[in-house]
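Understanding the architecture of this molecule
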Amino acid sequence: MAWLWNRRWSIALWVLGLSLLGLIHDSRIVSAEVEYGRAKHLFLRGRLEACQHEAERGYVRFKDRNSQWAVRFRLLEAEAMVWRGMYQNGLAVLATEPSTLSSQEDKAERLTLEGVAYAYLQRFSLADERLREAEKLCDASRGGICGDALRARGILAVQRADFAEAHRYFLESLAFARAHGDQLLESTAYSNLSAVSLQESHYDEAVDWSKSAYVTGLSLGNENLAQVALGNMGWAYFKLGDAVRAQELFVEAEQGAARLGNLRNEVDWLNTAGDVYQETGDFTKATRSYDQALALAKQINSNEDIVNALEDLAHASIDAGKLDGANGYLQQLGPLLNVNNNRLDALDVAFAQARIAAASHNDKKAETLFREVEKDPASQTSMRLGAEHELARLYESEDKTDEAARMYQTSLGTFESARGELKNEESKLPFLANATGIYDDYIHFLVAHHKTDEALALADRSRARTLEQGLGVTSNSQSVSNAFLHPGEISRKTNATLLFYWLGQRESYLWAITPTKTSMFTLRARDQITPAIERYRKALLGLSDPVETANGDGAALYRMLVAPARDLIRPASTVMILNDGVLSQLNFETLIAPEPSPHYWIEDATLISAPSLRLLAAAKTSEQSGNKLLLVGDAVSPNRDYPDLPEAAAEMKQIEQHFPPRNETVFARERATAGSYLTSAPQQFAYIHFVAHGVASRTDPLDSAIILSRSTGEEDSFKLHARDIMEHPIHARLVTISACYGSGTRSYAGEGLVGLAWAFLRAGAHNVIGALWEVSDESTPRLMGSFYQSLEDGTPPATALRKAKLDLLHTKGEFRKPFFWAPLQLYTGL
């Protein structure tokens, strides 16, 4: 849902610093030093609640015995409270101490604490007044508190929504921290810069700042710094479209905040976790999370967090169709917005009111409010994107066709501008998730207006964007533009029927493309197709034979996905599947065709998976004209999680038999290392083959790895990671990953499954064979022997792989079951 944007001014805005107080070596107060040091140590480790209570006990013990130490205990107690988000409590504690403190730094620290607390309470005049006084003392002393004052100024600027000024102050605090060797201040500066980057929609920069904060926090042993960095990182990944990784980080951060007694951050992470639930359509969990955040926000009397929670609850109610409930939350917000006078909060309320008006068919009011959000200079990118998408839908509902089309195009232009600002390729991978709703609605709109060719071009525009850009394929190339004008030319060029799928919320579509015609078929909605795929995949992995057991899902999926285009597919021909979403986890070869008797579809056609029409249009003949083989595998077990593969040596021997020894480079046992591959000049090989364990990371697919022999004492030296593979260009005609889950387990919107196979395509491979699930150590050597024999005989890779699979399918033993022959798929790229 594009309307979910970041309104959490204080995510990881680290408020306070530590004054390095000189130790007083009077033997009469050694016990005070010891107790203060113990409390301070808890603070430095991020254990805020424990620090607060320890400081309170110290104050009670020494308030009548030594006023100087009593003041320091009191300041530390207030400091812990403010870090926990207990701003009014902290101010109350500070108010109990006399204003005539003995130390200039004590005075400056107290004023800075008060300034920050007032800033969070939106009492900006008082905050500014306190910080001016603190800055005067700082100018006089030039002590460590000066860095804290810079940070406090940044926090005040954020609360006032002046992000440019906040960014400047946080950079100054970072420079001060580095100059004075203050790691705590340095880590909080990183977190603050991450938070400001989030507000400015610079999400990949926010990830980088958060990672720096996390590393620095861990080096200090400060759990609080670490949990804030994780939460900020989660929010950045969420805005980049990676809800899976975001959810894991939010849960970890929320649990850490709760354990440490940091109520303010606990509120933050409950709210943001609710946003992920909301995005994924789990409104019950979202509402529960928002309710918990609201209760905690009221407990610490944080106006900002109360506003955030009420706004989120209003949007959740709208999504659930509970308009009266949404209006109730908006009514509660009225008086609070008059206090904080925050324009972004006002725009969020306007957006919610517009959504309610649209749902109530008050179109004129809805349009006015959506336009207000879209045009306001204070709107964040995600706000503007959400308003433009809703305007397009509004115009469509009013049958204003031209206005709707223009607004869909405008919203996609806004998305493209935001994507263009991302600097890291890894950040771009999940980003399309922010626009899938727009694409889906616009494609549905075009189909409804009988513009099916335009709908196909638009759907393809969303595909393999990161892969294409990494390979240098752009939408401005002549070959790409021709792909949209003449899709039949691509079918003729590839000598294949192309089946292009789009899974939509309301209905799905299949375009069947042959050299002479393109036909579109309407399919069931995504949510009606997905359960059958999940059940069928479970049956395949359960070692069943779906044809023998007359599996209903295998037959139903064929009827839903293939049968509409059956008459356009020639017998024994090649079919290229351009799948979408969950379809990338389905091997179409295993679908059960009904005639003349039930059988797997592999018996009728040679199937290949392709990423996009544009890549097929731009594909060239392999530059690698030789027959050189790089063979890596039969590694030495690096640990008990990855034992030796008993049949790996036999599989490698099978493959070696099909190449002249002079054309082979083989790395086995101790020599089968990640470094051996990376330094072998892999671009020289026409064929690259791995026989090894594989591991697929769902949270971070580029952490997926081929498991090889350990090369150094480093923990992960035995892993050849996907992110390293894609950084080393190759020109191979074929890369084969004879390893479990070589295709990956995580599908990104538009990119499909991202893992090892995707990484080799990104590196430049023309074809990659990867596995959708575990590969059998018993059956795979036999399959590979047949496969490479066919390659040696001059058979194309796709046909050779099909023949090897059919050889297993037509046996009488266990290997006839899809579990053994169906995991391996051929993916084609450039």
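Figured I'd write up the structure that's included with this text. Every chain is numbered on its own, with residues counted from 1 as its sequence reads. Residue-level local features of this predicted model are given only where pLDDT is at least 70; pairs of side-chain atoms are given and counted only at 80 or more, and the full residue set underlies all totals for whole chains, interfaces and linings. The basis for the side-chain values is all heavy atoms of the structure; hydrogens and waters are excluded.

The aromatic pairing rule takes the rings of Phe, Tyr and Trp, using the six-membered ring of Trp, and pairs them if the centres are within 6.5 Å, calling planes under 30 degrees apart stacked, those over 60 edge-to-face and the rest tilted. Tallying each qualifying case throughout the model produces 28 aromatic pairs. Seen in terms of ring centroids, Tyr-87 and Tyr-120 are 4.7 Å apart; in terms of plane orientation they differ by 10°. Their pairing is stacked. Taken together, the residues Tyr-87 in helix H4 (residues 87-95) and Tyr-120 in helix H5 (residues 104-120) connect sequence positions 33 residues apart. Note on Tyr-408 and Tyr-442: the rings are 4.9 Å apart at their centroids and 10° apart in plane angle, and the pair reads as stacked. With Tyr-408 in helix H20 (residues 401-420) and Tyr-442 in helix H22 (residues 436-448), the pair connects residues that are 34 residues apart, well separated along the chain. As far as burial versus exposure is concerned, Tyr-408 and Tyr-442 are alike and both buried. Following the ring pairs from residue to residue traces out a cluster consisting of Tyr-36, Phe-62, Trp-69 and Phe-73. Any Lys NZ or Arg CZ that is within 6 Å of a ring centre and within 35 degrees of that ring's normal is treated as a charge sitting over the ring. Above the face of the Phe-685 ring, Lys-628 is positioned so that its terminal group lies 5.4 Å from the ring centre. The secondary structure listing takes helices from DSSP runs of H or I that are at least 4 residues long and strands from runs of E that are at least 2 residues long, numbered from the N terminus. With a 1.4 Å probe rolled over the protein chains alone, any residue whose accessible area is under 20% of its type maximum counts as buried; one over 50% counts as exposed, and the rest are partly exposed.

Our next topic: the side chain of Asp-128. Residue placement: Asp-128 occurs in helix H6 (residues 124-141). Separated by 2.8 Å, the side chains of Asp-128 and Arg-132 make a polar contact. Among residues more than four places away in sequence, those in contact with Asp-128 are Arg-153, Leu-156 and Arg-160. Side-chain atoms alone can form a polar contact between residues adjacent in sequence; in general such a contact is a pair of N or O atoms within 3.5 Å, and within protein one must be able to donate a hydrogen while the other accepts it. The contact criterion used throughout is that any non-hydrogen atoms of two residues lie within 4.5 Å.

Quick look at the state of the cysteines now. To count as a disulfide, a pair of cysteine sulfur atoms needs to be within 2.5 Å. Scanning the model with the defined rule gives 1 disulfide in all. Two residues share a disulfide in this structure: Cys-138 and Cys-146, whose sulfurs sit 1.9 Å from each other. Torsion about the S-S bond of the Cys-138 and Cys-146 cystine: about 135°, corresponding to right-handed handedness. With a relative accessible area of 5%, Cys-138 lands in the buried category.

What follows is about the pattern of salt bridges. Any Lys or Arg side-chain nitrogen located within 4 Å of an Asp or Glu carboxyl oxygen qualifies as a salt bridge. Overall, the coordinates contain 47 salt bridges when judged by the stated rule. Note that Arg-393 and Asp-441 form a salt bridge whose closest N and O atoms lie 3.9 Å from each other. Within this pair, whereas Arg-393 is found in helix H19 (residues 381-397), its partner Asp-441 is found in helix H22, the two being separated by 48 residues in sequence. Through salt bridges with shared partners, a single network forms among Asp-242, Arg-245, Glu-426, Asp-700, Asp-703 and Arg-723.

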